[in-house]
Amino acid sequence: FRHAADRGSPASAALLGRCYHTGEGVTADPARAVHYYKAAAEAGRPDAQFLLAEAYNNGDGVAFDHDSAVRWYTAAARQGHKLAMRQLAELGYSSDVILTLTLTPTLSLGPSPSPNPNPNPNPRMGAMRIRPAATATAADKASAQA
């Protein structure tokens with residue numbers, strides 16, 4: 001995997017990151033795992049985006065960074081990653097607000113979005129309603145900027 005990952009294969013980078021994370025076939029190295037997760041995440045792989053968010057959220061291989069964790073959970077959730085959607089809900093973010101944000105390498109979330117208004121915290125019961133950013137209403141965009 002290393003040769004392909006170092007030559008720019010996002011799939012190989014994600015798999016190699018997982019190997020370094022778990023110690024499978026290599027000596028476990030959380031910082032190296034983050035390096036490869038980040039390469040794959042920046043190439044748009046939702047599995048790597050989720051795992052990178054987990055690393056930031058847990059301070060595993062990288063310093064704890066809530067904003068970076070939310071950024072990468074959001075990137076994965078926008079691609080339909082169910083665990084990322086669940087994690088955003090557990091962190092108290094409303095999917096209707098957070099998923100309208102435009103993700104850039106220098107994303108600034110500003111004030112925290114309002115907590116999820118759904119009284120049922122179980123995502124299987126409708127806590128997450130994902131809609132593509134292209135169909136977001138003007139009110140959603142305004143509340144995301146607030």
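To start, this report covers the structure provided alongside it.

Conventions adopted
Residues numbered from 1 in each chain as written. Predicted model: local features only at pLDDT ≥ 70, side-chain atom pairs only at ≥ 80, totals over all residues. Heavy atoms only, no water. Salt bridge = Lys/Arg side-chain N within 4 Å of Asp/Glu carboxyl O. Buried < 20%, exposed > 50% of the residue type's maximum accessible area, 1.4 Å probe, protein only. Axes fitted to C-alpha atoms, helices over the stretch in contact; angles between N-to-C directions. Helix = DSSP H or I, 4+ residues; strand = E, 2+ residues; numbered from the N terminus. Parallel < 35°, antiparallel > 145°, perpendicular 65-115°, else oblique. Left-handed = near helix turned anticlockwise from the far one by under 90°. Contact = heavy atoms within 4.5 Å.

1. As for the pattern of salt bridges
Inference 1: Tallied over the entire structure, the rule returns one salt bridge.
Inference 2: The partner of R45 in a salt bridge is D47, and the shortest N-O contact between them spans 3.1 Å.
Inference 3: Residue classification places R45 among the partly exposed residues on the basis of a relative accessible area of 29%.

2. What about the packing of helix α2 (residues 10–22) against helix α3 (residues 30–42)?
Inference 1: Close contact between α2 and α3 brings their axes to 7 Å; oriented N to C, the two are set at 160°. The angle between α2 and α3 falls in the class roughly antiparallel. Viewed along their axes, α2 and α3 form a crossing whose handedness is left-handed. Along its contact with α2, which presents P10, A13, A14, L16, G17, R18, Y20 and H21, the element α3 presents P30, R32, A33, Y36, Y37, A39 and A40.

3. A short note on helix α6 (residues 82–90)
Side chains that are three or four residues apart share a direction in an α-helix, a result of its 3.6 residues per turn.
Inference 1: Taken residue by residue, α6 has A84, M85, Q87, L88 and A89 as its buried positions.
Inference 2: Just beyond α6, the residue with positive phi is G92, at close to 95°.

4. Looking at the environment of G80
Inference 1: As for its placement among the helices and strands, G80 is situated in the loop between α5 (66–77) and α6.
Inference 2: We classify G80 as partly exposed; its relative accessible area is 35%.
Inference 3: Along the sequence, G80 and P46 sit 34 residues apart, while their C-alpha atoms lie 8.1 Å from each other.

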